[in-house]
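Structural overview for review
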Amino acid sequence: MAEQTHVLFVEDDDVIREATQLALERDGFVVTAMPDGLSGLEAFRADRPDIALLDVMVPGLDGVSLCRRIRDESSVPVIMLSARADSIDVVLGLEAGADDYVTKPFDGAVLMARIRAVLRRFGHANAAASAAGGAGGAGQANGGVLSFGDLEIDTEGMEVRRGGALVGLTPTEMRLLLEFSSAPGTVLSRDKLLERVWDYGWGGDTRVVDVHVQRLRTKIGQDRIETVRGFGYKLRA
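Along each chain, residues carry numbers from 1 onward, in the same order as the chain's sequence is written. Where totals are concerned, whole chains, interfaces and linings use all residues; where local detail is concerned, this predicted model gives features only for residues with pLDDT of at least 70, and gives and counts side-chain atom pairs only at 80 or more. Values shown for side chains rest on all heavy atoms present in the structure; no hydrogens or waters enter the calculation.

Some thoughts on the confidence of the model for the protein
The cut-off we apply is this: Note: pLDDT gives the predictor's confidence per residue, expressed from 0 to 100. Whether two residues touch is decided by their heavy atoms; if any such pair falls within 4.5 Å, the residues are in contact.
For the protein, the average pLDDT comes to 86, and 87% of its residues sit at 70 or higher. Counting contacts from residues 124-142, a segment whose pLDDT is below 50, to residues more than four positions away or on other chains yields 29 contacts.

Quick notes on the sheet that holds strand 4 (residues 78-82)
Inclusion rule: Strands were regarded as paired on the criterion that DSSP finds at least two bridges between them. Counting from the N terminus, the helices are the DSSP runs of H or I reaching at least four residues and the strands are the DSSP runs of E reaching at least two. Whenever a helix is involved, its axis is fitted only over the stretch in contact; in every case the axis is a line through C-alpha atoms, and angles between N-to-C directions fall within 0 to 180 degrees.
In spatial order, the strands read 2-1-3-4-5; together these 5 strands make up an open sheet with parallel pairing. Looking at the sheet topology across the chains shown, the edges are occupied by strand 2 (30-34) and strand 5 (100-103). On average, each strand axis in the sheet is inclined to that of its neighbour by 20 degrees, with strand direction left out of account. Bridge count for strand 4 against strand 5 is 4 bridges, and the pairing is parallel. Residue pairing across strands places Ser82 opposite Thr103, the latter belonging to strand 5. Against the sheet, helix 1 (residues 14-26) makes contact with strand 1 (6-10), strand 2 and strand 3 (51-55), and its axis sits at roughly 170 degrees relative to strand 2, the strand it touches most.

Considerations on the packing of helix 7 (residues 171-182) against helix 9 (residues 207-220)
The following threshold applies: We call two directions roughly parallel when the angle between them is under 35 degrees, roughly antiparallel when it is over 145, roughly perpendicular when it lies between 65 and 115, and oblique otherwise. Residue polarity is assigned by list, with Asp, Glu, Lys and Arg as charged and Ala, Val, Leu, Ile, Met, Phe, Trp, Tyr, Cys and Pro as nonpolar; anything else, Gly included, falls into the polar class.
Running from N to C, helix 7 and helix 9 cross one another at 85 degrees; their axes reach a closest spacing of 10 Å. Classified by the angle their axes make, helix 7 and helix 9 are roughly perpendicular. Within the contact between the two elements, helix 7 uses Thr172, Glu173, Leu176, Leu177 and Phe180 and helix 9 uses His212, Val213, Arg215, Leu216, Lys219 and Ile220. For the contact of helix 7 with helix 9, the residue count by class is 6 nonpolar, 2 polar and 3 charged.

As for helix 1
Rule in force here: Take the residue count of a helix, subtract one, and multiply by 1.5 Å to get its expected span. In protein, a polar contact means a hydrogen-donor-capable atom and an acceptor-capable atom, both N or O and within 3.5 Å, with residues adjacent in sequence counting only if both atoms are side-chain atoms; elsewhere, any N or O pair within 3.5 Å suffices.
Along its 13 residues, helix 1 runs 18 Å from first to last C-alpha, staying within 8% of the 18 Å computed at 1.5 Å per residue. The inward-facing, buried residues of helix 1 contact strand 1, strand 2, strand 3 and helix 5 (108-123). Backbone nitrogen of Val15 and a side-chain oxygen of the N-cap are separated by 3.0 Å at the start of helix 1; the cap is Asp13. At the C-terminal side of helix 1, Gly28 shows a positive phi close to 100 degrees.

Side note on the pattern of salt bridges
A pair can form between side chains of opposite charge whenever their charged atoms are brought close. The line we're drawing: Salt bridge, as used here: a side-chain nitrogen of Lys or Arg that lies within 4 Å of a carboxyl oxygen of Asp or Glu. Each residue's exposure class comes from its accessible area (1.4 Å probe, protein chains only) as a fraction of the maximum for that residue type: buried when under 20%, exposed when over 50%, partly exposed otherwise.
The full count for this structure, using the stated rule, is 18 salt bridges. The partner of Arg71 in a salt bridge is Asp99, with the nearest N and O atoms 3.3 Å apart. One end of the pair, Arg71, is in helix 3 (residues 63-73); the other, Asp99, is in the loop between helix 4 (87-95) and strand 5, and 28 residues separate them in sequence. Here Arg71 and Asp99 have matching classes, each one buried. Beyond isolated ion pairs, a larger network of salt bridges with shared partners links Glu11, Asp55 and Lys104.

A look at the nonpolar core
A general feature of soluble globular proteins is that nonpolar side chains tend to end up buried together. Counted only if it meets this: Here, nonpolar core means buried Ala, Val, Leu, Ile, Met, Phe, Trp, Tyr and Cys residues that are tied together by side-chain atoms lying within 4.5 Å of each other.
Among the nonpolar cores identified, the biggest contains 49 residues, and Leu54, Met80, Ile153 and Phe180 are the most heavily contacted of them. Tallying contributions element by element places helix 9 first for this core, with 6 residues. Those residues in contact with Met80 that sit more than four places away from it in its chain are Leu54, Val56, Gly63, Val64, Cys67, Gly93, Ala98, Asp100, Tyr101 and Val102. Formed by 16 residues, the second largest nonpolar core is a distinct cluster that contains Val7, Leu24, Phe29 and Leu53.

Written as structure tokens, this is what we have:
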């Protein structure tokens, strides 16, 4: 990497925390490792890391609550770590604003791949915006602004407005909206969205897509993104 990426890692298990920190540092990351949620929040505010890895079950302030606190202050990417693949754990973490999750015990190579995938899509946001801006979608205006009813997407300024009011989206939500807006009226499958937005070159958990679509709907309008049963989602042109 041209510049070292700073990772905040919050994990209460000493063995997992130390082993994962060493693995991340061997891979070129700078790591701040904390054993509980409160110290993790303090470290986040002090260091402003490039990405946060948060275990769900940590003392003091659990990982989901910590994710919410981070998301209130920043759009930094967040990956949740959970010892269970239980739907409740996964959905709660994603609804709190996490961009992805990894189930423990995890393979080190898988974790590194997920981290790099998240960082790539955050780093390539401008490239995604350029692609969407050149797609000639419905209501294309000058200056790279796409219009869909009262929804305006500025693909150059990376801003979204609904009824003239600015809509706050996380980078992942923005990438998802750009994918929809690049092909309005076209059904995009969950697997295709996982590949394009989450950079998965292999099958992933489609719950990640479903929760992010629901979060996006609450911000841009529930009826703006249509569910096509058995196929996926599409943006109403």
